Amino acid sequence: MGAHPVARLSEGAALAQLGVACCGDLSDGLLVDAHRTAEASGCAAELWLDLVPADPGLRDAFPDDWAELALAGGEDFELLAAVPEGHLAAVRQGWDQALAPLTVVGRLIVGQGLRLLDHEGGAEIELPQPSSRHFSRPR
């Protein structure tokens, strides 16, 4: 992403044209927004750390903290979309390669809450604390 992020307006419009009905920005970070998506969908979310995109510079500059920064920060303009598994191939096939790439970083599952795994089917990792909540609700 770098120092000059680009709002994903074209990507959001493309997702809508491809029939994706659940999508939002990550202004509060992947952890917070994945949890919100799962909660609104009446289920749980599972994220796979090995598939979370992170700028190589972030990993180099913060080798011990890159995951917390990538997952719990809210300074990016990326989108999170929930696509039914049976529709994912069609979305990928219809995706314009000139747009930002699509990356599957987890899935919605039966249950409640949010789980972070080191990889799909792997070991559960403790969730970092969110560092950004622009639109949080009082508890």
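As the structure is a prediction and not an experimental result, all values here were calculated from the model. (Residues numbered from 1 in each chain as written. Predicted model: local features only at pLDDT ≥ 70, side-chain atom pairs only at ≥ 80, totals over all residues. Heavy atoms only, no water.)

Draft legend 1. The arrangement of the pattern of salt bridges in detail. Tallied over the full model, the rule gives eight salt bridges. Between R8 and E78 there is a salt bridge, and its shortest N-O distance comes to 3.0 Å. Remark: E78 occurs in the loop between helix 4 (66-72) and strand 3 (79-82) and R8 occurs in the segment before helix 1 (9-17); sequence separation between them is 70 residues. For R115, the salt bridge identified is with E46, shortest N-O distance 3.6 Å. Here the residue R115 occupies a position in strand 5 (residues 114-117), and E46 occupies one in strand 2 (residues 44-48), the gap between them amounting to 69 residues. (Salt bridge = Lys/Arg side-chain N within 4 Å of Asp/Glu carboxyl O. Helix = DSSP H or I, 4+ residues; strand = E, 2+ residues; numbered from the N terminus.)

Draft legend 2. Highlighting the sheet that holds strand 4 (residues 106-109). Within the open sheet, the four strands sit side by side as 4-2-5-6. Their pairing is mixed. The open sheet has two edge strands with one neighbour each: strand 4 and strand 6 (124-125). Pairing analysis gives four bridges linking strand 2 to strand 4, with the strands arranged antiparallel. Its bridge partner lying in strand 4, A45 is registered against L108. Contacting strand 2, strand 4 and strand 5, helix 2 (residues 30-41) runs over the sheet at an angle of about 145° to strand 2. (Pairing = 2+ DSSP bridges. Contact = heavy atoms within 4.5 Å. Axes fitted to C-alpha atoms, helices over the stretch in contact; angles between N-to-C directions.)

Draft legend 3. Main features of the environment of W48. Mapped onto the elements, W48 comes out in strand 2. Sequence separation between W48 and H119 is 71 residues; the distance between their C-alpha atoms is 4.6 Å. When near neighbours in sequence (up to four residues on either side) are disregarded, W48 contacts V104, V105, G106, R107, L117, H119 and E120. A polar atom in the side chain of W48 sits 2.8 Å from the side chain of E46. (Polar contact = N/O pair within 3.5 Å; in protein donor to acceptor, adjacent residues only side chain to side chain.)

Draft legend 4. Representation of the side chain of E11 within the structure. On the secondary structure map, E11 appears in helix 1. Owing to a relative accessible area of 10%, E11 belongs among the buried residues under this scheme. For E11, the side chain forms a polar contact with the main-chain nitrogen of A100, separated by 2.8 Å. (Buried < 20%, exposed > 50% of the residue type's maximum accessible area, 1.4 Å probe, protein only.)

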